[in-house]
Amino acid sequence: MTSETICKIVRQYNKVPILDEDMRKLVEIAEDYNKIKNYVYQRYSGICSLSKLYPGYTIQNEMTHSGLRERLGTPSVYFYLAIFDALGDIKSQWSATKAAVLRSVNRNEGLGDEEKHFLRYLLKVNLVLEAVLNHSSLELKGEMGLQYVRLAKTVDVHKLENYLRRQVRKYHAAPHTDCVNGFSITERAYRYRDHGIYIAVKQKRKRIFIPLTDGNSYTRQLYIRLFPEEKRVEILVPVDRKVKVHSDYGGRVGISMGMRTMIVTDQGHLYGEEFGMYQGKLSSWIREQAIVHSRNKEANPGRKKYYAKKQRLEEQLHSYINQELNRFLREEKPAVIYIPKFPKPEMVNRGKAINHYSSMWQRGYIRERLALKCREQSIELTDVFGKDISRECSSCGAMGIWKEKRFFCSSCGYEADGKENAARNVRKRGEGMEQPQGELEG
């Protein structure tokens, strides 16, 4: 995929309800897919299997000779897809573990700078990390070996290696899934024809036919999501789409994000003014349901209705977010968008309800969707340093105060909406980041 294209997920749906017998066959594949993934998780998530994860062919060969496929009677196309799907999850889990350990190292005030540097090196080099975790001998050659020797001279290697092992044990956990609602499928196991799709099942030379609501056909790996109780499926298809280029998109916009109004620009334009209402509705309902559920754990009949309503509320919120983001891009016509980069919101003593509302703030989802839409429209999205950006005066640069959602600067007398002032600072910092490069080009 080139930089001129972007991957999007297209969905296909069955035209008529799926027969019970056909759905049973699809669920059977999903159950086997789940069993294979959990088998791989259990066998290869530990530290002893680190050396086998890349590129993964050793695990593939071991799984071939494990006899699991024969015991389950799973077609090879599903068997190997499940293996590599599970390996991807294990690699992601190790990445998350390394990130958690790195955060712990950076926060540890008892470690010196040289000790932290050594631990970062161990986390970065997979070969070294594997040797440390497995208490095996380490033989490094070339520049990598010289670097290890230089770093090891100034620290207590034994102490730091034991510390690293404890941290990995603390944060690393083997993945596991009980989800049997779908499976991946390659072109070898399906065929588009007759305004529908034929999908291979466990019975040899047998396929089930699912009429589709559209006549599109694809030749790539798909994901079949199952909804047995509703007698329907959802087919997720990754497709490459050309990005759009707008000749009239030339502006530069700084934005600030809020929990009430979703986006405020440096010109004071508002987008998502009802965001707080949608967000509050979802947050309040989840909080109420959590209280009710905790009081009636023993008599609670289940969570089916809870999850169904939660999904409806989330879909309403996400639909509104996407609608307002589209309006923002359509009306502002930006070539560059500057957005502040903030740390994760922290819980402060503002009351349980407010803290719960803050914890459910959809900031990450908004950021993710905006980034995707910017790629689709060939718009540059630039992160800027966010510290003190809402307290700084966009007129003179002094520190000011907020009062009733407005910003006041005692130094120059500037007064504005707090979010607008922050957005102006975002744009100034973003354009300031580009200034040295512009001077060089000049």
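Look up a bit, the structure's there.
Calculation criteria
- Residues numbered from 1 in each chain as written.
- Predicted model: local features only at pLDDT ≥ 70, side-chain atom pairs only at ≥ 80, totals over all residues.
- Heavy atoms only, no water.
- Phe/Tyr/Trp six-rings, centres within 6.5 Å; stacked < 30°, edge-to-face > 60°.
- Helix = DSSP H or I, 4+ residues; strand = E, 2+ residues; numbered from the N terminus.
- Buried < 20%, exposed > 50% of the residue type's maximum accessible area, 1.4 Å probe, protein only.
- Pairing = 2+ DSSP bridges.
- Axes fitted to C-alpha atoms, helices over the stretch in contact; angles between N-to-C directions.
- Expected span 1.5 Å × (residues − 1).
- 1 Å grid on protein atoms, 1.4 Å probe; cavity = no way out; pocket = protein on both sides within 12 Å on 5 of 7 lines; lining within 4 Å.
- Points joined across faces, edges and corners; volume = space filled by probe spheres on them.
- Nonpolar A, V, L, I, M, F, W, Y, C, P; charged D, E, K, R; others polar.
- Parallel < 35°, antiparallel > 145°, perpendicular 65-115°, else oblique.
- Contact = heavy atoms within 4.5 Å.

Glancing now at the packing of aromatic side chains. Applying the stated criterion across every chain yields a total of eleven aromatic pairs. Arranged with centres 5.3 Å apart and planes meeting at 70°, the rings of Tyr271 and Phe328 form a pair that is edge-to-face. Note that Tyr271 is positioned in strand 10 (residues 270-271) and Phe328 in helix 10 (residues 304-332), a separation of 57 residues in sequence. With respect to class, Tyr271 is no different from Phe328; both count as buried.

Attention shifts here to the sheet that holds strand 1 (residues 5-13). With antiparallel pairing, four strands are arranged side by side in an open sheet as 1-7-6-2. At either end of the open sheet lies a strand with only one pairing partner, and these are strand 1 and strand 2 (182-185). Adjacent strand axes in the sheet meet at a mean angle of 25°, parallel and antiparallel pairs treated alike. Bridge count between strand 6 (residues 222-227) and strand 7 (residues 232-242): five bridges; the pairing is antiparallel. Of the residues in strand 7, the one forming a bridge with Ile224 is Ile235.

Before going further, it helps to examine helix 5 (residues 113-124). Between its terminal C-alpha atoms helix 5 stretches 16 Å, which fits the 16 Å expected from twelve residues at 1.5 Å a residue. Looking only at helix 5, the buried set comprises Glu115, Lys116, Phe118, Leu119, Tyr121, Leu122 and Leu123.

Here we come to the environment of Asn216. Of note, Asn216 is situated in the loop between strand 5 (207-211) and strand 6. Overall, the relative accessible area of 41% leaves Asn216 in the partly exposed class. Note: C-alpha distance between Asn216 and Ile197 (19 residues apart in sequence) is 9.9 Å.

All right, on to the layout of surface pockets then. In this structure, the largest pocket occupies an estimated 1200 Å³ of space. Lining the largest pocket are 29 residues, and of these Arg225, Phe227, Glu234, Gln311 and Glu315 lie nearest its centre. In terms of residue class, the lining of the largest pocket is made up of eleven nonpolar, five polar and 13 charged.

It is the contact of helix 5 with helix 6 (residues 126-133), at a shortest axis distance of 5 Å, that shows an interaxial angle of 100°. Classified by the angle between their axes, helix 5 and helix 6 sit roughly perpendicular to one another. Across the interface between the two elements, Tyr121, Leu122, Leu123 and Lys124 from helix 5 touch Asn126, Val128, Leu129 and Val132 from helix 6. Considered class by class, the residues forming the contact of helix 5 with helix 6 number six nonpolar, one polar and one charged.

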